[in-house]
Amino acid sequence: MAGEGDLKLLGMVVSPFVVRVRMALHLKGVSYEYIEQDLFNKGELLLRYNPVHKKVPVLIHNGKPVCESLAIVQYVDEVWAASSPSILPTDPHERAVARFWAAYVDDKFFPAWIGIMRAETEEERAKKMSEMAAVVKQLEVALAQCSNGKDFFSGDSVGYLDIAVGCNLFWLDAMRKMFGVVVIDAARTPFFAAWADRFRESDVGKVALPDADIAAEYAKKIQAHRAAAVASK
Amino acid sequence: MAEGGEEVRLIGSWASPYVVRVQIALRLKGISYEFVEEDLKNKSELLLKSNPVHKKVPVLIHNGKPVCESSVIVQYIDEAFAGTGPALLPADPYERAVARFWAAFIEDTLLKASSQASSGKTEEEKTEGKEKVAAAIVTLEGGLRECSKGKPFFGGESAGYVDVILGGLLGWVRAIDTMQGVKTFDPSTTPLLAAWAERFGQLEQVEAAMPDGKRLIEYAYARAMQAAAAAASTN
């Protein structure tokens, strides 16, 4: 495809931020070389191309790195502007609304579900679940405002805010399996729950969302690492 | 000047560095606006209606439509007023991505550390925060070198997005430097940032947007006393 050049993505299979970028690349129909990173034993490529944070995702385009998942998504949208769909809306106010809610996802939604994951007692998990309930309620409101009654945050088809939120879904499914918690409950947030089902069934959801079991396995691996670190102190 | 018929209002409070960011952006673009001073202890109907999610300033209201979150507002201003004044984000997609990276760094790394340094729950946490701030500033010096490529600003020849995002904090940086007898942007360890702070702070659009230094110091002292009184009364 025009403008592609040499494109590599440093990622990790269960990182929602990496999944977000893979979704953007898939939406644009762009092919790339995916290089899985071992975050417990960071390799030279990662340290060289993201020296500031040493985190994934890192998109390397013609040898130049782009870091921060939302910056990468916007970069992909701009470089492949000639390929449809447009990931961000074209209207400046709609773009601002999309960016506002994407920031909300990363500042509130992501830490909220991480809190549920990392809770060490049932009591703590219940507390984190009730904090999450307030966040999910806001996203129900956001969906109503942004979608204007259509299937996705972005309207008729998947866009920026859909992938900003949607990349987290497989972890919510993993937590349901691991702890029996239901973060997006159809009884409390019906629109959001319906959107989540549609997103999972969408082309980009089916292609890019990893299996929840893989996330659950990885969570066990992190647990083991943490336990070992504590034990060795 | 804003185009005829454009109504631009900024809900803000005079001391907020996030509000200063937006004021600088508007002034750099030459957009006229009405400033609505908000009493954050007694939030107005307008603020609560315009930013129901966070109930915070700044909020930009353009022709009746609100935009919230300072970095989102600055990008909005650049896009909605694309024909007016200089562009704040670079034209090249890669350079835009680099600018967005450094803006995110200022928010997620530098400011988070700064918050820990001042509001950490223990002395240990606060000290760790201070160390993180110092490290972040050294990293940011590298960012300035990368973005400016020898020119005066993060944005190159003229001030841009990252300059605005960092520059909104300058009033507070100066206040803290005066109060604590320190140099946040130390010319011996971060010469580029030290020179940038001088240069950016002297732009007329930035001077016009900055809070009064003395008033900010008084405000900072008053807040510190309130915090100390609150802490003493719980012991």
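Computed from a prediction, not measured in an experiment: that's the story for all the values here.

Participant: What is the right way to read the packing of helix H5 (residues 123-148) of chain B against helix H8 (residues 191-201) of chain B from this model?
Facilitator: Two packed helices can be described by the angle between their axes and the distance between those axes. Residues and elements named next belong to chain B. The N-to-C vectors of H5 and H8 enclose an angle of 75 degrees; their axes lie 8 Å apart at closest approach. With respect to H8, the axis of H5 lies roughly perpendicular. Of H8, the residues touching H5 (which contributes Ile-137, Leu-140, Glu-141, Leu-144 and Arg-145) are Pro-191, Leu-192, Leu-193 and Trp-196. A class-by-class count of the residues in the contact of H5 with H8 yields 7 nonpolar, no polar and 2 charged.

Participant: Sorry, what's going on with the pairing of strand S3 (residues 58-61) of chain A here?
Facilitator: Each regular strand carries side chains that alternate between the two faces of the sheet. All names here are of chain A. Neither face of S3 is left uncovered, since the one carrying Val-58 and Ile-60 and the one carrying Leu-59 and His-61 both have all their residues buried. The pairing of strand S1 (residues 7-11) with S3 spans 4 bridges and is antiparallel. In the sheet register, Leu-10 faces S3, and the bridge partner there is Val-58. In textbook terms, the turn of a hairpin is the stretch between consecutive antiparallel strands, and for S3 and strand S4 (residues 64-67) this stretch comprises 2 residues, one of which, Asn-62, has a positive phi near 50 degrees.

Participant: Any chance you could explain the layout of surface pockets here in plain terms?
Facilitator: Unfilled space is identified by rolling a water-sized probe across the atoms. Taken as a whole, the second largest pocket encloses approximately 880 Å³ of empty space. Residue assignment for the lining of the second largest pocket shows that the elements contributing at least two residues are helix H4 (92-118), helix H5 (122-147) and helix H6 (160-166) of chain A together with helix H2 (45-50) and strand S4 (65-68) of chain B. Broken down by class, the residue content of the lining of the second largest pocket amounts to 21 nonpolar, 12 polar and 5 charged.

Participant: How should the interface of chain A and chain B be read in this particular structure?
Facilitator: Put simply, an interface is often sized by how much accessible area is lost when its parts join up. The interface of chain A with chain B comprises 23 residues on the first partner and 25 residues on the second. Approximately 2100 Å² of surface area, both sides summed, lies buried where chain A meets chain B, with 67% of it carried by carbon and sulfur atoms. Its largest share of buried area at the contact with chain B, chain A owes to His-93, Arg-99 and Phe-100 of chain A, together 28% of the area lost on that side. In this structure, Arg-95 of chain A and Glu-79 of chain B form a salt bridge, with 2.7 Å as the shortest nitrogen-oxygen distance. Residue assignment for the side of chain A that touches chain B shows that the elements contributing at least two residues are S4, helix H3 (69-79) and H4 of chain A. Per-element tally for the side of chain A that touches chain B: the top contributor is H4 of chain A, with 9 residues. Among the residues making up the side of chain A that touches chain B, the classes are represented as 12 nonpolar, 5 polar and 6 charged.

Participant: When you look at the sheet that holds S3 of chain A in this model, what are you seeing that I'm missing?
Facilitator: One key point about sheets: their strands pair by backbone hydrogen bonds, in either a parallel or an antiparallel sense. Residues and elements named next belong to chain A. Spatial strand order, S2-S1-S3-S4: 4 strands in an open sheet with mixed pairing. Pairing within the sheet leaves two strands with one partner each, and these edge strands are strand S2 (33-36) and S4. Taken pair by pair, the neighbouring strands of this sheet meet at an average axis angle of 20 degrees, ignoring direction. For S1 and S2, the ladder comprises 4 bridges, and the chain directions are parallel. Residue Gly-11 lies in a different strand from S2, and its bridge partner there is Glu-36.

Participant: What am I meant to see in the environment of Pro-190 of chain A here?
Facilitator: All names here are of chain A. Within the secondary structure, Pro-190 sits in helix H8 (residues 190-201). Here Pro-190 falls in the partly exposed class, since its relative accessible area comes to 43%. Note: C-alpha distance between Pro-190 and Glu-140 (50 residues apart in sequence) is 8.0 Å. Each residue touching Pro-190, except ones within four places of it in the same chain, is listed here: Glu-140 and Asp-185.

Analysis parameters
Residues numbered from 1 in each chain as written. Chains lettered and ligands numbered in written order. Predicted model: local features only at pLDDT ≥ 70, side-chain atom pairs only at ≥ 80, totals over all residues. Heavy atoms only, no water. Axes fitted to C-alpha atoms, helices over the stretch in contact; angles between N-to-C directions. Helix = DSSP H or I, 4+ residues; strand = E, 2+ residues; numbered from the N terminus. Parallel < 35°, antiparallel > 145°, perpendicular 65-115°, else oblique. Contact = heavy atoms within 4.5 Å. Nonpolar A, V, L, I, M, F, W, Y, C, P; charged D, E, K, R; others polar. Buried < 20%, exposed > 50% of the residue type's maximum accessible area, 1.4 Å probe, protein only. Pairing = 2+ DSSP bridges. 1 Å grid on protein atoms, 1.4 Å probe; cavity = no way out; pocket = protein on both sides within 12 Å on 5 of 7 lines; lining within 4 Å. Points joined across faces, edges and corners; volume = space filled by probe spheres on them. Buried area = accessible area lost by both parts, 1.4 Å probe. Salt bridge = Lys/Arg side-chain N within 4 Å of Asp/Glu carboxyl O.

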